[in-house]
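If you want the building blocks of each chain, they are given just below.
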Amino acid sequence: MATTGATAAADDSGKIGLVPATLMVAGNMMGSGVFMLPANLSAIGSIALIGWLLTVVGAVALALVFAKLSAIDPAAGGPYAFARKAYGDYMGYQTNLIYWLANVVGNVALAVAGLGYLSHFFPALKVPIVMAFGSIAIIWFFAYANILGPKVVGRLQSFTTIFALVPIFGMALFGWFWFKPEIFSSAWNVSGQSSPNAVMATLTFTLWAFIGVESASVSAGVVANPSRNVPIATVGGVVLASVAYVLSSSVIMGMIPNKELIASSAPFADAARLALGDFAGSTVALCAAVGCLGSLAGWTLLVGQSAKAAADDGLFPGIFAKVNKRGVPSLGLVIVAVIMSVQVLATMSPTASQQFGKIASIAVIMTLLPYIYSCIAIKVLGYGKMPHGQYTFFVAAGLAGAIYCMIALVGSDGEQTRWSLIFVIATIVFYSASITRKRDLDEKHIHPGGKAPIWVRYLALGVTIVALVVMFWLSVGRHDDLDLRSREQAPAEAGETAQQMAPSGVQ
């Protein structure tokens, strides 16, 4: 028994523990959403409080489902692993492809949002091409950090999440000294819609805030003692984020008049500036940037692990299963970084808020389907593995989570939903290639994966440095003679509202 315990301890030596896993879940959810939500929701009104409560119920239901599924089978892959075991290879393949692509898309939004906050200190980042190369540098830096191993990522995100939580909880707890009930009540519903429709309109915003609830289950392969730590981290991360969201968003809506809040591109910073002055506002803006960019570390880990889990089963290209000496799918991470870099260049916009809006709405819609599949999978995978009363409870939680996701899908942008559905249908065509590969693995007894070349690590570091050099050159010099440019910040356009930062399906 002592030998077994020593072996288990050795196996877990390079993995992340309970606290980093919990902070990863909270950090992945809170990375971008929490800092922009008050302004996003102010276009609808403080009636968003009701939408928050509904979303918290849906998020807790999702957390309970993912926690229990992880306890039943703590395999890496999250929604992919659950869908495959519940419904078969094709549904697993479809789930992974949609989920993987949604996260690749969503990760770009995090880089853009983080640099958008940093533009408060570095106005050159307001130039689209400078923002683009800055985003590319950030993307490749975190790919490199992930190649160094999950412990590096866990420590990095633990630091950035704590850094971000200080101003969030500070505002949630102490902002009430500046809270004015008349400001909050006067903006109860400014959307021009009926109350039910206004509440429905908030769900797309608030759902984006909870994307990431499944983080620990997807990364179970790099979490120590996953059967215990993954469920606790999942529920704990959601509870932590829920408290921060509801309190901070509500208090800011009672501090800043609605018209000013709608026009704010940094509501937390504006609220801190109102309460404690310019220094506090700048500090919060810095914390927001750190929180957004730090969460990208965890999301990059998530993308690599979900692709590796499917590749190990023969349902994704084998290159995603190749790992370095730390067990990290480094080649897959480089491929993801390349795709994200192309996406940054393809979605360049005049403002960070517009670019974020283009990206985030697509990511939300595509994430809903894997969530729905997982919610129903609890009924399939949990049968016979828990007492009747407990089974009934979790099936009901799964049903509640699925209904919430369906309602959010109905409220999403119709055009983007249509194209997402077409992509889902097209996965059956893509699956034909995976069938061939899986047969080769089974019939020829081929083992997927293998060792990734060491040059991959240096490639990620090299691209990071090159992108930073290009960003600096574009920031301070002209293309012809490298004369210094003015760094004066241009006045914000009146039309540049925080509403553009949100998924475009909500009006």
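Asker: Explain the packing of helix H4 (residues 48-72) against helix H18 (residues 388-410) residue by residue, including any values.
Answerer: Put simply, H4 and H18 touch, their axes get as near as 8 Å, and they point 130° apart. For the element pair H4 / H18, the angle class is oblique. For the crossing formed where H4 meets H18, the hand is left-handed. Residues Leu 54, Thr 55, Gly 58, Ala 61, Leu 62, Leu 64, Val 65 and Lys 68 of H4 pack against Gln 390, Phe 393, Phe 394, Ala 397, Gly 398, Ala 400, Gly 401, Tyr 404 and Cys 405 of H18. Residue composition of the contact of H4 with H18, grouped by class: 11 nonpolar, 5 polar and 1 charged.

Asker: Describe the pattern of salt bridges, and please don't skip the residues or the numbers.
Answerer: According to the stated counting rule, one finds 5 salt bridges in the structure shown. Residue Asp 312 is joined to Lys 308 by a salt bridge in which the shortest nitrogen-to-oxygen separation is 2.8 Å. Of this pair, Asp 312 and Lys 308 both sit in helix H15 (residues 278-312), 4 residues apart, which is roughly one turn of the helix. Exposure remark for Asp 312: the relative accessible area of 33% places this residue in the partly exposed category. What you see here is one network of salt bridges that share partners, running through Arg 84, Asp 89 and Asp 313.

Asker: Describe the packing of aromatic side chains, naming the residues involved and giving the relevant values.
Answerer: Tallying each qualifying case throughout the model produces 19 aromatic pairs. Between the aromatic rings of Phe 177 and Trp 178, the centroid separation amounts to 6.2 Å while the plane-to-plane angle is 80°, which identifies the pairing as edge-to-face. For the ring pair Phe 210 and Tyr 245, a centre distance of 5.1 Å and an interplane angle of 80° mean the geometry is edge-to-face. Separated by 35 residues along the polypeptide, Phe 210 in helix H10 (residues 195-210) and Tyr 245 in helix H12 (residues 226-253) bring together distant segments of the chain. Exposure class is identical for Phe 210 and Tyr 245. Each is buried. Each member of the aromatic cluster is reached from another via a ring pair, and the members are Trp 176, Phe 179, Phe 184 and Trp 188.

Asker: Any details on the packing of helix H6 (residues 89-118) against helix H19 (residues 414-443)? Residues and values, ideally.
Answerer: Closest axis-to-axis distance for the H6/H19 pair is 9 Å, and the angle between their directions is 115°. Taken as a pair, H6 and H19 cross one another with a handedness that is right-handed. Between H6 and H19, the residues in contact are Asp 89, Tyr 90, Tyr 93, Gln 94, Leu 97, Ile 98 and Leu 101 and Phe 423, Val 424, Thr 427, Ile 428, Phe 430, Tyr 431, Ser 434 and Lys 438, respectively. Looking at the contact of H6 with H19, its residues break down into 10 nonpolar, 3 polar and 2 charged.

Asker: With reference to specific residues and values, describe H10.
Answerer: For H10, spanning 16 residues, the distance from its first C-alpha to its last is 23 Å, which sits close to the expected 22 Å at 1.5 Å a residue. Most pronounced at Thr 204, the bend in H10 amounts to some 30°. Counting buried positions over the 16 residues of H10 gives 12, a clear majority of the element. With its phi angle positive at about 125°, Gly 212 sits one or two positions after the end of H10.

Asker: Outline the environment of Tyr 80, listing residues and values.
Answerer: Within the fold, Tyr 80 resides in helix H5 (residues 79-87). When its relative accessible area of 1% is taken as the criterion, Tyr 80 is described as buried. Each C-alpha atom, one on Tyr 80 and one on Ala 310, is 7.4 Å from the other, the two residues being 230 residues apart in sequence. Ignoring sequence-local partners within four residues, the contact set of Tyr 80 consists of Gly 92, Tyr 93, Thr 95, Asn 96, Ala 309, Ala 310, Asp 313 and Leu 315. A distance of 2.5 Å separates polar atoms of two side chains, one belonging to Tyr 80 and the other to Asp 313.

Asker: So what about H19? Which residues, and what values?
Answerer: Taking 1.5 Å per residue, 30 residues should reach 44 Å; H19 reaches 44 Å between its end C-alpha atoms and fits that length. Listing the buried residues of H19 in full gives Gln 416, Ser 420, Val 424, Thr 427, Tyr 431, Ser 434, Lys 438 and Leu 441.

Asker: If you had to explain the side chain of Asn 103 to someone new, which residues and values would you point to?
Answerer: Examined against the element boundaries, Asn 103 turns out to sit in helix H6. By relative accessible area, which is 4% here, Asn 103 ends up buried. Contact partners of Asn 103, with chain neighbours within four places excluded, come to Trp 299, Leu 302 and Val 303.

Asker: How would you explain the environment of Asp 89 if you had to name every residue and give the values?
Answerer: The topology assignment puts Asp 89 in helix H6. For the pair Asp 89 and Leu 315, spaced 226 residues apart in sequence, the C-alpha separation works out to 7.7 Å. Not counting chain neighbours up to four residues away, the residues in contact with Asp 89 comprise Arg 84, Leu 315, Tyr 431 and Lys 438.

Reading the values: the criteria
Residues numbered from 1 in each chain as written. Predicted model: local features only at pLDDT ≥ 70, side-chain atom pairs only at ≥ 80, totals over all residues. Heavy atoms only, no water. Axes fitted to C-alpha atoms, helices over the stretch in contact; angles between N-to-C directions. Helix = DSSP H or I, 4+ residues; strand = E, 2+ residues; numbered from the N terminus. Parallel < 35°, antiparallel > 145°, perpendicular 65-115°, else oblique. Left-handed = near helix turned anticlockwise from the far one by under 90°. Contact = heavy atoms within 4.5 Å. Nonpolar A, V, L, I, M, F, W, Y, C, P; charged D, E, K, R; others polar. Salt bridge = Lys/Arg side-chain N within 4 Å of Asp/Glu carboxyl O. Buried < 20%, exposed > 50% of the residue type's maximum accessible area, 1.4 Å probe, protein only. Phe/Tyr/Trp six-rings, centres within 6.5 Å; stacked < 30°, edge-to-face > 60°. Expected span 1.5 Å × (residues − 1). Bend = angle between axes of the 7 residues up to and from the residue. Polar contact = N/O pair within 3.5 Å; in protein donor to acceptor, adjacent residues only side chain to side chain.

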